[in-house]
Amino acid sequence: MTTADAVAPVMSTPAMAPQVCSFPPVFHADARVLILGSMPGAASLAAAQYYAHPRNAFWPLMGRLFDAGPELSYEARLARLNAVGVALWDVIARCRRPGSLDSAIDRDSVEPNDFASLFATCTRIDHVFFNGTAAESAFRRHVRLPAGMRPLAFTRLPSTSPAHAARDFATKLAAWQPVRDALAAADAPRHALANAA
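Treat the numbers as computed from the prediction; the structure is a model and nothing was measured. Per-chain numbering applies: the sequence of each chain, read as written, is numbered from 1 onward. Per-residue local features of the predicted model are confined to residues with pLDDT of at least 70, and side-chain atom pairs are confined, for both listing and counting, to 80 or more; whole-chain, interface and lining totals are unaffected and use all residues. Only hydrogens and water are set aside; all other atoms, that is, all heavy atoms of the structure, feed into the side-chain values.

**Some words on the overall build of the protein chain**
Tallying secondary structure elements over the protein chain gives 6 helices and 7 strands in all. Tracing the protein chain from N to C terminus, the helices and strands come up as β-β-α-α-α-β-β-β-α-β-α-β-α. The proportion of buried residues among the 197 residues of the protein chain is 42%. Taking the intrachain contacts of the protein chain between residues at least 6 apart in sequence as the baseline, contacts between residues at least 24 apart amount to 72%. Methods summary: accessible areas were calculated by the Shrake-Rupley approach with a probe of 1.4 Å, and residue burial reflects only the protein chains presented. Total accessible area computed for the protein chain in this model is approximately 10,300 Å², and 56% of it derives from carbon and sulfur atoms. Labels follow the DSSP assignment, with helices taken as runs of H or I lasting at least four residues and strands as runs of E lasting at least two, numbered in each case from the N terminus. In this scheme, a residue with accessible area under 20% of its type's maximum is buried, one over 50% is exposed, and one in between is partly exposed, where area comes from a 1.4 Å probe on protein chains only. The contact criterion used is simple: two residues touch if any of their non-hydrogen atoms lie within 4.5 Å.

**Overview of the environment of A17**
Mapped onto the fold, A17 is located in the segment before β1 (19-21). On the accessibility criterion, A17 (3% relative accessible area) is buried. The spatial distance from the C-alpha of A17 to the C-alpha of C95 is 9.2 Å, given a sequence separation of 78 residues. Look past the residues within four positions of A17 in its chain and what remains in contact with it is R96, R97 and P98.

**Digging into the environment of V33**
Its location among the elements puts V33 in strand β2 (residues 33-37). The class of V33 is buried, set by a relative accessible area of 0%. With sequence-adjacent residues up to four places away left out, V33 is seen in contact with G85, V86, A87, I125, H127, F129, V179, A182 and L183.

**Points about the nonpolar core**
Joining through side-chain atoms within 4.5 Å is the link that ties buried Ala, Val, Leu, Ile, Met, Phe, Trp, Tyr and Cys residues into a set, and such a set is a nonpolar core. If you look at the biggest cluster of nonpolar residues, it comprises 51 residues, and the most contacted ones within it are L34, M62 and L88. The element contributing the most residues to this core is helix α2 (residues 58-66), with 6 residues. Excluding its chain neighbours within four sequence positions, the residues that come into contact with L34 are A87, L88, W89, F115, L118, F119, I125, H127, V128 and F129.

As structure tokens, this is what we get:
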């Protein structure tokens with residue numbers, strides 16, 4: 001075979017990658033905070049579970065903050081988060097992405113989730129937490145909320161992904177404490193009314 005007969009290898013690009021889709025949101029209608037990732041990684045998609053990679057710090061953090069740690073079944077973890085007022089979702093509904101890295105997402109292929117409907121259903125959500133910079137960037141780039149919608153607070157937290165392991169667990173735990181603080185602040189008026197009664 002001559003050089004001219006050789007076939008050049010086809011390089012994979014985001015635009016050629018298969019489309020991946022995120023999961024439905026996990027929430028109760030009385031949720032007070034929303035935690036957003038960008039798009040589930042390959043391990044999570046294969047398991048059909050949020051944050052399924054064994055080295056992702058999300059569930060260990062939820063265990064320390066809300067007793068929703070990895071020692072519980074997946075269903076029990078979700079139920080525990082719902083019980084304390086935490087909703088989970090991802091910014092991106094579908095996109096093309098080879099592999100699991102956020103940096104590999106084809107931005108032109110991104111379709112965001114329907115946040116207007118979620119916020120209309122969960123009228124008590126007043127604080128949105130982004131699990132990492134990629135989630136925040138995708139939200140600000142692709143999501144358009146309805147005019148006149150109630151004001152929301154937005155906070156970017158350190159990513160729990162194993163690809164972002166520069167911070168140790170204790171540092172991430174301290175950085176994620178505002179999620180619990182936001183829930184306590186949201187529940188304070190209701191507790192005050194209950195005590196007054």
